[in-house]
Protein chains: 2
Amino acid sequence: MSSPKPTSARSDGGGVPAAVVNRLSMYLRELRHLLADGNQTISSSQLGQRLGFTDAQVRKDLAHFGQFGHPGIGYRCEELVDIIRRILGTDRQWNVCLVGVGNLGQALLGYKGFASQGFKIVAAFDADAAKHGQTYEGVLVYPAEALADEIQRQQIELGIIAVPAQAAQAAADRLVAAGVSGILNFAPVTVSVPPGVSKVGVDLARELEQVTFTVVSRLRAAAES
Amino acid sequence: MSSPKPTSARSDGGGVPAAVVNRLSMYLRELRHLLADGNQTISSSQLGQRLGFTDAQVRKDLAHFGQFGHPGIGYRCEELVDIIRRILGTDRQWNVCLVGVGNLGQALLGYKGFASQGFKIVAAFDADAAKHGQTYEGVLVYPAEALADEIQRQQIELGIIAVPAQAAQAAADRLVAAGVSGILNFAPVTVSVPPGVSKVGVDLARELEQVTFTVVSRLRAAAES
């Protein structure tokens, strides 16, 4: 059975807003829960309702990539899971390496959410010689100097940076020189990468600012009404 | 000197897209770097350029909240920092508690980016009795049963959840019952909170999916051209 193909986006993600991609990830998780609960199909309004979005939002997000609904049926859960995974690029496994095995790095090595989405951390790197040759959560720690060789040998395509701020750009440069396609940066600083490399920065305080923004917006609205 | 006041947003964040709020956080950090480097003013195109956005994007994002530019000058960096902090609600300190002191929790306690943005973790809670009474990064760990009392006593308004998936909803329920205004959830599962409480979920795999999305979009575009 062939399912509808997603249309491809442009080189930078096709001008598709990051928020849309973020919601695709949320739809994917919800659809998996639905499948696990034995549901075969779902309407855009049901899917939206479960996540707090309107049905129009769901349809508009998916329309960036094609027409996937079936008249009188809605979405077939399994089909839509396949489609979204193909859009996100997680319809296959990605080999990932971690740079920095401090508290955060160790937390990331133990994070169950990566493997379940197709991300396999296959190597870790740290400047601390005491950690070299040790394994954390089954992942071997190498010296930073071994990075290029291991990336080549294990066909690692993505790198996660979990080093202190002052070491982040050097880690990014090393990953880029070794040929990774994308970087997820947890250091609380912006790193520069060349145009051909994808980069997302995770700033944990920024996430908290999203929380306080809605808290103060609510308080201001209450004060005015 | 009185600076322009941001207009208030609606109760849920005013229909202001999360991506806009996210970019405000990025503008804030960049403006602080500019100030540290001795810059007094900046144009929207300069600010955008430093972050990879167009000047139109910068102006449109800020226009959600008011008119802050000065003809012939651009933005006054210090003024815009004050305005964005007021919009985000970080023009004051927030007392924060952490639920779950495992690897991730300990990494969050050591994360320097929170304090610098006005977030002070003042208490931590864990189910493990061996951790009670211990301090991590200067923060005392209490039993989960002490949560409501400590939240009241220390006027804690925000809670960070860093417990395993199966314990996340119970942690959220406890925080809500104790009266927090907002929750940042790191557990790889969606938690439900009542309408009056703000919630942001951090799904670390979702961040990696943003990376792979742009990687595969670039590959598809290259294959087609």
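This write-up is about the structure you can find in this document. (Residues numbered from 1 in each chain as written. Chains lettered and ligands numbered in written order. Predicted model: local features only at pLDDT ≥ 70, side-chain atom pairs only at ≥ 80, totals over all residues. Heavy atoms only, no water.)

Residue and element names in this part refer to chain B. Taking burial as the measure, the 8 residues of strand S4 (residues 119-126) include 7 buried ones, the bulk of the element. Judged from the 6 bridges that link them, strand S3 (residues 94-99) and S4 form a sheet pairing that is parallel. Looking across to S4, one finds that Asn95 is bridged to Lys120. Summarising the sheet, S4 and strand S6 (residues 139-143) pair through 3 bridges and their orientation is parallel. The residue bridging Asp126 from the neighbouring strand is Pro143, located in S6. (Buried < 20%, exposed > 50% of the residue type's maximum accessible area, 1.4 Å probe, protein only. Helix = DSSP H or I, 4+ residues; strand = E, 2+ residues; numbered from the N terminus. Pairing = 2+ DSSP bridges.)

Attention shifts here to the relation of the copies chain B and chain A. Copy one and copy two of the chain differ by a rotation about an axis and a translation along that axis. Here chain B sits on chain A after a turn of 180° about the axis and a move of 0.0 Å along it, with an RMSD of 0.0 Å. Given the turn and translation reported, the copies of this chain are related as if by a two-fold rotation axis. Here 100% of the interface residues in chain B have copies in chain A that are interface residues too; the copies meet face to matching face. (Least-squares fit on C-alpha atoms with pLDDT ≥ 70 in both. Contact = heavy atoms within 4.5 Å.)

Right, let's get into helix H9 (residues 204-224) of chain A. If you check H9(A), its first and last C-alpha atoms are 31 Å apart, about what 21 residues at 1.5 Å a residue would give, namely 30 Å. Structurally, the start of H9(A) carries an N-cap: the backbone nitrogen of Ala205(A) is 3.1 Å from a side-chain oxygen of Asp203(A). (Expected span 1.5 Å × (residues − 1). Polar contact = N/O pair within 3.5 Å; in protein donor to acceptor, adjacent residues only side chain to side chain.)

As a further point, take the pattern of salt bridges. Residues and elements named next belong to chain A. By the definition in use, this model includes 14 salt bridges over all chains. With its nearest N and O atoms 2.6 Å apart, the salt bridge here joins Arg23 to Asp61. With a gap of 38 residues between them, Arg23 in helix H1 (residues 18-36) and Asp61 in helix H3 (residues 55-63) connect regions that are remote in the sequence. Here Arg23 falls in the buried class, since its relative accessible area comes to 16%. Arg50 is paired through a salt bridge with Glu30; the nearest N and O atoms lie 2.7 Å apart. (Salt bridge = Lys/Arg side-chain N within 4 Å of Asp/Glu carboxyl O.)

A word on the nonpolar core. Grouped together as the largest cluster of nonpolar side chains are 58 residues, with contacts concentrated most on Phe114(A), Ile160(A), Phe114(B) and Ile160(B). Residues in contact with Ile160(A), not counting those within four places in the same chain, are Val96(A), Cys97(A), Leu98(A), Val99(A), Leu108(A), Phe114(A), Ile121(A), Leu184(A), Phe186(A) and Leu208(B). (Core = buried A, V, L, I, M, F, W, Y, C linked by side-chain atoms within 4.5 Å.)

Residue and element names in this part refer to chain B. Pairing is mixed across the open sheet formed by 7 strands, whose spatial order is S5-S6-S4-S3-S7-S8-S9. The outermost strands of the open sheet, each flanked by one partner alone, are strand S5 (135-136) and strand S9 (198-201). With 2 bridges connecting them, S5 and S6 associate as antiparallel partners. Its bridge partner lying in S6, Tyr136 is registered against Val139. Across the sheet, helix H8 (residues 165-178) touches S3, strand S7 (158-161) and strand S8 (182-185), and the angle it forms with S7 is around 170°. (Axes fitted to C-alpha atoms, helices over the stretch in contact; angles between N-to-C directions.)

This part covers the interface of chain B and chain A. Between chain B and chain A, the residue contacts involve 65 residues of the former and 65 residues of the latter. For the pair chain B and chain A, the two sides together bury roughly 6,000 Å², of which 63% comes from carbon and sulfur. Ranking the residues of chain B by area buried against chain A places Leu208(B), Glu209(B) and Phe213(B) at the top, with a combined share of 12%. Put simply, chain B and chain A have 4 salt bridges between them. As a salt-bridge pair, Asp203(A) and Arg29(B) come within 2.5 Å of each other at their nearest N and O atoms. At the junction of chain B with chain A, the criterion picks out 26 residue pairs in polar contact (both at pLDDT 80 or more). Elements that contribute at least two residues to the side of chain B that touches chain A include exactly helix H1 (18-36), helix H4 (77-88), helix H5 (103-109), helix H6 (112-115), S7, S8, S9 and helix H9 (204-224) of chain B. Ranked by residue count, the leading element in the side of chain B that touches chain A is H9(B), at 18 residues. Looking at the side of chain B that touches chain A, its residues break down into 35 nonpolar, 19 polar and 11 charged. (Buried area = accessible area lost by both parts, 1.4 Å probe. Nonpolar A, V, L, I, M, F, W, Y, C, P; charged D, E, K, R; others polar.)

Nothing here speaks to function; it is geometry throughout.
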